[in-house]
Amino acid sequence: MDFKKQFKEGLLTKNPVLVQLLGMCSTLAITTSLFNGLGMGIAVTIILICSNVLISALRKVIPSQIRIAAYIVIIAGFVTIVDLLLQAYIPALSESLGVFIPLIVVNCIILGRAEAFASKNGVLASAVDGLCQGIGYTTALVIVCVIRELLGSGTFGGGLLNGGEGIRIIPEGYPAMQIVMPVGGFLVLGCVIAGSQFLMKKLETRKMDKEAAK
Amino acid sequence: MKKQSNIGYVLRISLTLLLITSVVAALLAGVNMITAPIIASANEAKTQEAIAAVLPGGGQPIPFTDTTGLVKQVYASDLGYAVQVAPSGFDGEIDMMVGIDKEGKVLGISIISQTETAGLGAVAAADNAKGEAFRDQFIGMSGSLAVSKDGGQVDAITGATITSRAITDGINAALACVEGLG
């Protein structure tokens, strides 16, 4: 097990949002404030770790013919538990994420990791994979959130800082509202993906140059 | 492909899935038992808070007739009525409470829950000057209301005409409902 490699994969080279392009629906829909992005990211990470661990532990018990059905039941169970707990203890987050919490069930990241990783690897490695992929997802969401919130609402940390209003950076009346709307989500996500690809290419060529210099 | 139709195989698969679903169901039942009362009391507290915000002293639920399909509950007291309405906004229902006095004038509105766009429609429910200015403009209004774009007297929130229109519709439904009560 290589924790460093898994972490790098989750955050950059195999980032669920920026490289695997999974979970686009939630990424586009909820990234309008830092609070939403962090909340969704943490919720998905918790569910991802739990489902990865359980699916990995049961991988030899579940017959392969019914594995998808079994995975979905397990994932749906965890999602519903998180949904109920959020409603009971953090109603503000539950309200602003709305229907997207129950929709985590069909978030491809979770089923994707169950199928691609947890069903083939040990419990500990699967837990680490869940954590790393979850961090990658959260990071991507937070980047998109910060950009959309700054350009669209002119604030930073909405729902979290400054009594829920966020810290105003661009004066009222100037921010481009469209960025908070769905069209802005597509634009910003596209730019963030392009930026991350550019960064990864740069890192790769630098690494190759270093090796060539040796 | 090899034909796999023996009973043992089918049983094993079905029983495994049955076992997994049963365990998950039992777990969910357990969590629900803990959270259900908390969620119910939180919702109840929110509704009571909304009633108190638009109708000082609160009120008791009374029977009502409604032709718009938007009215969910009517609470009455000596001062007037608090009508819970749920018009459709830009992105789902806006659950809100409208206070109306005995003369059919709006006492105030309070939004219980909504899923409007952050920064646009959600301003209607926001706890800031803009949100309050929007909600407070309805105080004292009566009859049939409309947003200024539709030739009425309600100033819509910038960039959120649909949300403003929905809230205005909700208030109209509440006013009509109270008028129907006599």
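Quick notes on the rules
- Residues numbered from 1 in each chain as written.
- Chains lettered and ligands numbered in written order.
- Predicted model: local features only at pLDDT ≥ 70, side-chain atom pairs only at ≥ 80, totals over all residues.
- Helix = DSSP H or I, 4+ residues; strand = E, 2+ residues; numbered from the N terminus.
- Rg over C-alpha atoms; globule rule 2.2 N^0.38 Å.
- Buried ≥ 20, exposed ≤ 12 C-beta atoms within 10 Å, placed from the backbone.
- Contact = placed C-beta atoms within 7 Å.
- Axes fitted to C-alpha atoms, helices over the stretch in contact; angles between N-to-C directions.
- Parallel < 35°, antiparallel > 145°, perpendicular 65-115°, else oblique.
- Nonpolar A, V, L, I, M, F, W, Y, C, P; charged D, E, K, R; others polar.
- Core = buried A, V, L, I, M, F, W, Y, C linked by C-beta atoms within 7 Å.
- Pairing = 2+ DSSP bridges.
- Left-handed = near helix turned anticlockwise from the far one by under 90°.
- pLDDT = per-residue confidence, 0-100.
- Expected span 1.5 Å × (residues − 1).

Sorry if this is basic, but what is going on with the overall build of chain B here?
Secondary structure summary: chain B contains three helices and five strands in total. A compact globule built from 182 residues should have a C-alpha radius of gyration of about 16 Å, whereas chain B, at 23 Å, is more than 25% larger. Overall, chain B is about 75 × 35 × 35 Å in size when its C-alpha atoms are taken along their principal axes. Buried positions account for 35% of the 182 residues belonging to chain B. Residue pairs in contact within chain B that sit at least 24 positions apart in sequence constitute 49% of those at least 6 positions apart.

Any chance you could explain the packing of helix α4 (residues 67–89) of chain A against helix α1 (residues 7–54) of chain B here in plain terms?
The N-to-C vectors of α4(A) and α1(B) enclose an angle of 5°; their axes lie 9 Å apart at closest approach. Looking at the two axes, α4(A) sits roughly parallel to α1(B). Taken together, the residues of α1(B) that come into contact with α4(A) (itself represented by Ala69(A), Ala70(A), Val73(A), Ile74(A), Gly77(A), Thr80(A), Ile81(A), Leu84(A), Leu85(A), Gln87(A) and Ala88(A)) are Leu17(B), Ile20(B), Thr21(B), Val24(B), Leu27(B), Leu28(B), Val31(B), Asn32(B), Thr35(B), Ile38(B) and Ile39(B). The residue makeup of the contact of α4(A) with α1(B), split by class, is 16 nonpolar, six polar and no charged.

Explain the interface of chain A and chain B to me, please; I cannot follow it from the model alone.
For interface size, the figure often reported is the accessible area lost on association. The partner chain B presents 23 residues to the 28 residues of chain A that form the contact. Counting only elements with at least two residues in the side of chain A that touches chain B, the list comes to α4 and α5 (91–97) of chain A. With 11 residues, the top contributor of residues to the side of chain A that touches chain B is α4(A). In the side of chain A that touches chain B, the residues fall into 16 nonpolar, 10 polar and two charged.

I would appreciate a short explanation of the nonpolar core in the present structure.
Soluble globular proteins tend to pack their nonpolar side chains together in the buried interior. Counting 86 residues, the largest nonpolar core has Ile47(A), Ile74(A), Val83(B), Val85(B), Val98(B), Ala124(B) and Ala174(B) as its most contacted members. Every residue in contact with Ile47(A), bar those within four places of it in the chain, is listed here: Ile75(A), Phe78(A), Val79(A), Val82(A), Ile104(A) and Ile110(A).

Quick question: what am I supposed to make of the sheet that holds strand β1 (residues 60–62) of chain B here?
Residues and elements named next belong to chain B. Strand order in the open sheet made by the five strands is β1-β2-β3-β4-β5, with antiparallel pairing throughout. The open sheet terminates on both sides in strands that have one partner only, identified here as β1 and β5 (106–113). Averaged over all pairs of adjacent strands, the angle between their axes in this sheet comes to 25°, without regard to strand direction. Contacts from α1 reach β2 (71–76), β3 (80–85), β4 (95–101) and β5 within the one sheet, and its direction differs from that of β5 by about 160°. With respect to the sheet, helix α3 (residues 161–181) is in contact with β2, β3, β4 and β5, its orientation differing from that of β4 by roughly 45°.

Explain unusual backbone geometry here, please?
Trans peptide bonds make up the majority, and among non-glycine residues the majority have a negative phi. Even without being glycine, Leu21(A) reaches a positive phi, approximately 50°. Among the secondary structure elements, Leu21(A) is positioned in the loop between α1 (3–13) and α2 (24–30).

Mind showing me how you'd approach the pairing of β2(B) here?
Residues in a regular strand project their side chains so that they alternate between the two faces of the sheet. All names here are of chain B. Where β1 lies against β2, three bridges are found, and the strand directions are antiparallel. Across the sheet, the residue bridging to Ile 62 is Val 74, located in β2. Across five bridges, the pairing between β2 and β3 is antiparallel. Paired with Ala 76 across the bridge in β3 is Tyr 81. Here β2 folds back onto β3 in antiparallel fashion, the turn holding three residues.

For this particular structure, what's the right way to read the pairing of β4(B)?
Residues and elements named next belong to chain B. Counting buried positions along β4 gives six out of seven residues, so the element sits mostly inside the fold. Sheet topology note: the β3/β4 ladder contains six bridges and is antiparallel. Following the sheet pairing, Tyr 81 is matched in β4 by Ile 100. Both β4 and β5 contribute to a ladder of six bridges, which runs antiparallel. Bridging across to β5, Ile 100 finds its partner in Val 106.

How should the packing of helix α6 (residues 108–118) of chain A against helix α7 (residues 123–152) of chain A be read in this particular structure?
Geometry of a packed helix pair, given as the angle between the helix axes and the separation of the axes. Residue and element names in this part refer to chain A. The contact between α6 and α7 brings their axes to 11 Å, and the two run at 145°. In the crossing of α6 with α7, the sense of the turn from one axis to the other is right-handed. Contact with α6, carried on its side by Ile 109, Arg 113, Phe 117 and Ala 118, involves Ser 126, Asp 129, Gly 130, Gln 133 and Tyr 137 of α7 and no other residues of that element. In the contact of α6 with α7, the residues fall into four nonpolar, three polar and two charged.

What is the right way to look at the confidence of the model for chain A in this model?
Do not read the fine detail of predicted coordinates wherever pLDDT is low. The pLDDT averaged across chain A works out to 87; a share of 97% of its residues lies at or above 70. Least confident of the elements in chain A is α5(A), whose mean pLDDT is 78; most confident is α7(A), at 92.

Got a minute to help me understand helix α8 (residues 182–213) of chain A in this structure?
Since there are 3.6 residues in each turn of an α-helix, residues three or four apart along the chain are aligned in direction. Residue and element names in this part refer to chain A. With 32 residues, α8 extends 47 Å between its outermost C-alpha atoms, agreeing within 8% with the 46 Å of an ideal straight helix rising 1.5 Å per residue. Those residues of α8 that sit buried are Gly 184, Gly 185, Val 188 and Leu 189. The inward-facing, buried residues of α8 contact α2 and α7.

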